[in-house]
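Here's the letter readout for the chains.
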Amino acid sequence: MIIGILKETGTEKRVAILPGEVTALKKLGVDVSVESNAGENAFASDEEYKAAGAEITSRKEVFTKASFLISINIVPDNDLKYCRESQVLCSVLNPVESAQWLDKARTQQLTVLALDMIPRTTRAQAMDILSSMATVSGYKAVLHAASLSRRFFPMFMSAAGTIKPSRVLILGAGVAGLQAIAIARKLGAVVEVFDVRAAVKEEVKSLGGKFIEVEGAKEDVAAGGYAVEQSEEFKKKQQELIQQRVVASDVVITTAQIPGKKAPLLILKETVSAMKPGSIIVDLAASTGGNCELTENGKTLIVNGITIIGKSDYPSDMSTDASKMFGSNIINLLKILIDKEGNFMLNMEDEIINGTTAVHAGEYMSQRIKQLLNVK
Ligand code: NAD
C-alpha cells in the first residue's frame, strides 16, 4: 500500500507526518509518497523526507499513486475530483461544518476516517489528536497572554517593593484548560477555574488551581465525558459568578466547548466593559462561536483597553511540535488499520475504527456522526 502525505493549504503551517514519522510508517510495511514541499512550514525539507525513505512527488501524483491519503485538514473540495472509489482520506473532519463535503465523499464511494471522532477511551489515548492539539493550544494561549500582558505573572518581591501575582481565570478544564492551568501556575499566577463537570475538580486542585463551583450542573454519562447543555437556572447562576471572577482577573483563557454545538456564551459584553483596562481574554472556543460575546474568530480586538484574542489555530503556530504529535497519533491509529503484509484493513468490529470511520462504501458509518448530522 502507498500512503500519501499532502501539503496543507491556506494558512495551515503543520504537516500531518514529519520525516521522523515516515521512518515509523515504513516499519509498518507501507510505501510513502509525499507532496513536494509538504513540510516546509514545519521546517522539514524534501531531502529529509527522502532520507527517511519517502518518495517526493507532485500533488496530483500523490492522489494518483496513494490509496490512503493523510492530511490535517480535509482535502479542499476541488481536489475531490482527483479521488477514486475506495480511496481512503484520513484527516480531521469537523463533521458539522464539513457536512456537504462528507456527503460528496460518500457519494464518490470514498472511505473517510475522521481523526476528531476517535473515541475518547483509554485504548485510543495514544491516537487522540484532539488531546495533542488541545495541549498545544492551552500551552500557547497562556504564553501569548503573558507576553501581551503589562503585568508580571508571578509575585515579585524586590527592592522596588512587592508586586502582586496576576490572576488568571480559566473557563473549561478539558485538555486545553488543564494544560493552561499547569503553565499559568508554572509562571507563578494565581489560577481560578470553572467547569460544568465536577469530575475535573480534583485534577484542577492537583495542578494548583482553585476550582470555583456552581451547584446544580447537569452531567450525562452517555456524553462520554463531554459537557452537555445546562439548564437555564444553572446558566444564570453560573453567569453571575463567572462575571464576578472575570472582572477580578488580569487574564481569562476560555476553552469551553460542547461537541457539535455552538460554544456556550460565558462572558457578556457588559462584563468585558467592567474589566480592568490592560486585561486579556484568549478565547480558544473562537471557531465554534466563542465563549465571549465580543470574540471574532481569527481576530485580536482591543475594546476599552481589554484585548480579546479569538484564536483556535495555535497548533499551526507551533507547527514543528504540533506536527510531531499529530504524526505520532496517526502512526498509532495506523497500527490497527494495517495488517502484517502492509495492507489496509477496516475491521468494523473494532470500536475505535467503527467510531472513526465517517463514510465507507457509500454509507455513513460512525454513530456519532450520524447523530451530529441527523442522517441514517
Ligand atoms: P472540550 O474541548 O469538549 O471542552 C472543554 C471543556 O469545557 C470541558 O472540560 C467541558 O466540560 C467544559 N465546558 C463545556 N461547557 C461549559 C460551560 N458552560 N461552562 C464551563 N465549562 C464548560 O473538552 P476536551 O478537552 O475535548 O475533553 C472532553 C472530555 O474528554 C473530558 O472528559 C476529557 O477528560 C475526556 N478525554 C478523554 C481522553 C481519552 O480517554 N482518550 C482524551 C482526552 C480527553
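See the structure above.
No experiment lies behind these values; they were computed from the predicted model shown.

The next point concerns a nonpolar patch on the surface. A cluster of nonpolar residues, Phe152, Phe156 and Ile163, forms a patch on the protein surface that exposes about 250 Å² of accessible area. Here Phe156 lies in strand 7 (residues 156-158). Under the relative-accessibility criterion, Phe156 is labelled partly exposed at 33%.

Helix-helix packing is described using two parameters, namely the angle between the two axes and the distance between the axes. Across the interface, helix 5 (residues 129-148) lies against helix 11 (residues 319-334) with an axial gap of 9 Å and an inter-helix angle of 165°. One element, helix 5, and the other, helix 11, form an angle in the roughly antiparallel class. Crossing handedness for the pair helix 5 and helix 11: right-handed. From helix 5, Ile129, Ser132, Met133, Thr135 and Val136 reach across to helix 11, where they touch Ala322, Met325, Phe326 and Asn329. When the residues that make up the contact of helix 5 with helix 11 are grouped by side-chain class, the tally is six nonpolar, three polar and no charged.

The next point concerns helix 1 (residues 19-26). Residues spaced three or four apart along an α-helix point in a common direction, a consequence of the helix completing one turn every 3.6 residues. Every buried residue of helix 1 is accounted for by Pro19, Glu21, Val22 and Leu25. Down the axis of helix 1, the buried side of the element spans an arc of 150°, and every buried residue falls inside it. Buried residues belonging to helix 1 abut strand 1 (2-5), strand 2 (31-35), helix 2 (46-51) and helix 11.

In this structure the tally under the stated criterion is three aromatic pairs. Ring centres 5.6 Å apart and planes at 45° place the aromatic pair Phe63 and Tyr82 in the tilted group. Note that Phe63 is positioned in helix 3 (residues 59-65) and Tyr82 in the loop between strand 4 (68-70) and strand 5 (88-91), a separation of 19 residues in sequence. Relative to Phe156, the ring of Phe152 has its centre 4.0 Å away and its plane inclined at 40°; by these criteria the two rings are tilted. A relative accessible area of 41% places Phe152 in the partly exposed class.

The strand order 3-2-1-4-5-6-16-17 describes an open sheet built from eight strands, whose pairing is mixed. Bordering the open sheet on either side are strand 3 (55-57) and strand 17 (363-364), each of which pairs with just one other strand. The pairing of strand 4 with strand 5 spans three bridges and is classified as parallel. In the strand pairing of strand 5, Leu69 is matched with Leu89. Of the strands in this sheet, strand 1 and strand 2 are in contact with helix 1, which crosses strand 2 at around 155°.

On to the environment of Lys237. Tracing the backbone through its elements, the reader meets Lys237 in helix 8 (residues 232-247). For Lys237, a relative accessible area of 37% puts it in the partly exposed group. Here the alpha-carbon distance between Lys237 and Glu215, two residues 22 residues apart in the chain, equals 8.4 Å. Setting aside residues up to four positions removed in sequence, Lys237 forms contacts with Val214 and Glu215.

Rules used throughout
- Residues numbered from 1 in each chain as written.
- Predicted model: local features only at pLDDT ≥ 70, side-chain atom pairs only at ≥ 80, totals over all residues.
- Heavy atoms only, no water.
- Patch = residues over 30% accessible without salt bridge, like charges linked within 9 Å, V, L, I, M, F, W, Y side chains within 5 Å.
- Areas by Shrake-Rupley, 256 points an atom, 1.4 Å probe, with all protein chains shown as cover.
- Salt bridge = Lys/Arg side-chain N within 4 Å of Asp/Glu carboxyl O.
- Helix = DSSP H or I, 4+ residues; strand = E, 2+ residues; numbered from the N terminus.
- Buried < 20%, exposed > 50% of the residue type's maximum accessible area, 1.4 Å probe, protein only.
- Axes fitted to C-alpha atoms, helices over the stretch in contact; angles between N-to-C directions.
- Parallel < 35°, antiparallel > 145°, perpendicular 65-115°, else oblique.
- Left-handed = near helix turned anticlockwise from the far one by under 90°.
- Contact = heavy atoms within 4.5 Å.
- Nonpolar A, V, L, I, M, F, W, Y, C, P; charged D, E, K, R; others polar.
- Arc of directions from axis to C-beta.
- Phe/Tyr/Trp six-rings, centres within 6.5 Å; stacked < 30°, edge-to-face > 60°.
- Pairing = 2+ DSSP bridges.

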